[in-house]
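Remarks on the overall topology
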Amino acid sequence: MRLVIQRASEARVIVDGETVSETGRGHMVLVGFGQEDTEELPSSKAWKTIISKLIGLRIFEDEQGRFNLGLDDIKGDLMLVSQFTLHASCRKGRRPSFTKAAAPELAQRLYDRFVEDVTKQAPGKVGGGVFGAAMKVDFINDGPVTIILDSEDFA
């Protein structure tokens, strides 16, 4: 599992011209699952650690301008968007290969469970995309601040 987390002042997901989800200040998160991810991932230490880190990341500035505040401190929101291209390989040629991405059926189950588990711990609103849909993701990257988390780092 790989997450790309961006500090955002607002985010929304649009499918077929209609807004399906909106959030305020917090994290815009692209969530990708790879071939190494299995049905057992949600019961793993890595899963729990990544969710804890996602919620607890201190990437919001305090009064002194230091990254000392997390989502709990600001009652921040999360926008979680499935993104299989996070597992693209560009080693050969110019066309990315997506063979390292999880199969769509498994990825959807893992994404749905991830949204469910994050929602249980989130201090604010949790929004999401529509799995497998062509989405327009509109957000304001505040900073910019971008952090990448990978489950391999916490296995």
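The coordinates are above.
As the structure is a computational prediction, the values presented were derived from the model and not from experiment. (Residues numbered from 1 in each chain as written. Predicted model: local features only at pLDDT ≥ 70, side-chain atom pairs only at ≥ 80, totals over all residues. Heavy atoms only, no water.)

Moving on, we come to the pairing of strand β3 (residues 26–32). Regular strands place side chains that alternate from one sheet face to the opposite one. The buried fraction of β3 amounts to six of the seven residues, a majority that puts the element mostly inside the structure. Sheet analysis places strand β1 (residues 2–15) next to β3, joined by seven bridges and oriented antiparallel. Counted as the bridge partner of Q6 is M28 from β3. (Buried < 20%, exposed > 50% of the residue type's maximum accessible area, 1.4 Å probe, protein only. Helix = DSSP H or I, 4+ residues; strand = E, 2+ residues; numbered from the N terminus. Pairing = 2+ DSSP bridges.)

Attention now goes to unusual backbone geometry. Residue P144 is bonded to the preceding G143 through a cis peptide linkage, with omega at 0°. Structurally, P144 is set in strand β8 (residues 135–150). Of note, the phi angle at D16 is positive, near 50°, even though the residue is not glycine. Structurally, D16 can be placed in the loop between β1 and β2 (18–23). Taking relative accessible area as the criterion, D16 reaches 74% and is therefore assigned exposed. The phi torsion at K75 lies on the positive side, around 55°, for a residue other than glycine. Checked against the element boundaries, K75 lands in the loop between α2 (71–74) and β6 (77–82).

Quick look at the layout of surface pockets now. By volume, the largest pocket amounts to about 320 Å³. For the largest pocket, the lining is made up of 19 residues, of which S82, Q83, F84, G132 and M135 are closest to its centre. Contributing elements (two or more residues each) for the lining of the largest pocket: β3, β6, α3 (104–121) and β8. Residue classes in the lining of the largest pocket are distributed as 14 nonpolar, five polar and no charged. (1 Å grid on protein atoms, 1.4 Å probe; cavity = no way out; pocket = protein on both sides within 12 Å on 5 of 7 lines; lining within 4 Å. Points joined across faces, edges and corners; volume = space filled by probe spheres on them. Nonpolar A, V, L, I, M, F, W, Y, C, P; charged D, E, K, R; others polar.)

With that out of the way, let us pick up α3. Side chains of residues three or four places apart in an α-helix project in the same direction, reflecting 3.6 residues per turn. Taking 1.5 Å per residue, 18 residues should reach 26 Å; α3 reaches 26 Å between its end C-alpha atoms and fits that length. Of the residues making up α3, those classed as buried are L106, A107, L110, Y111, F114, D117 and V118. On an axial view of α3, the arc spanned by its buried residues comes to 135°, and they lie on one face. When the buried face of α3 is taken as reference, the exposed residues oriented beyond 90 degrees from it are E105 and K120. Residues of α3 that are buried make contact with β1, β3, α1 (45–56), β6 and β7 (126–128). (Expected span 1.5 Å × (residues − 1). Arc of directions from axis to C-beta. Contact = heavy atoms within 4.5 Å.)

A rise of 1.5 Å per residue sets the reference length of α1, with its twelve residues, at 16 Å; its end C-alpha atoms lie 16 Å apart and thus fit the reference within 8%. Taken together, the buried positions of α1 are occupied by A46, W47, T49, I50, I51, L54 and I55. In this fold, the buried residues of α1 make contact with β1, β3, α2, β6, α3 and β8.

With five bridges connecting them, β1 and β2 associate as antiparallel partners. Its bridge partner lying in β2, A11 is registered against T23.

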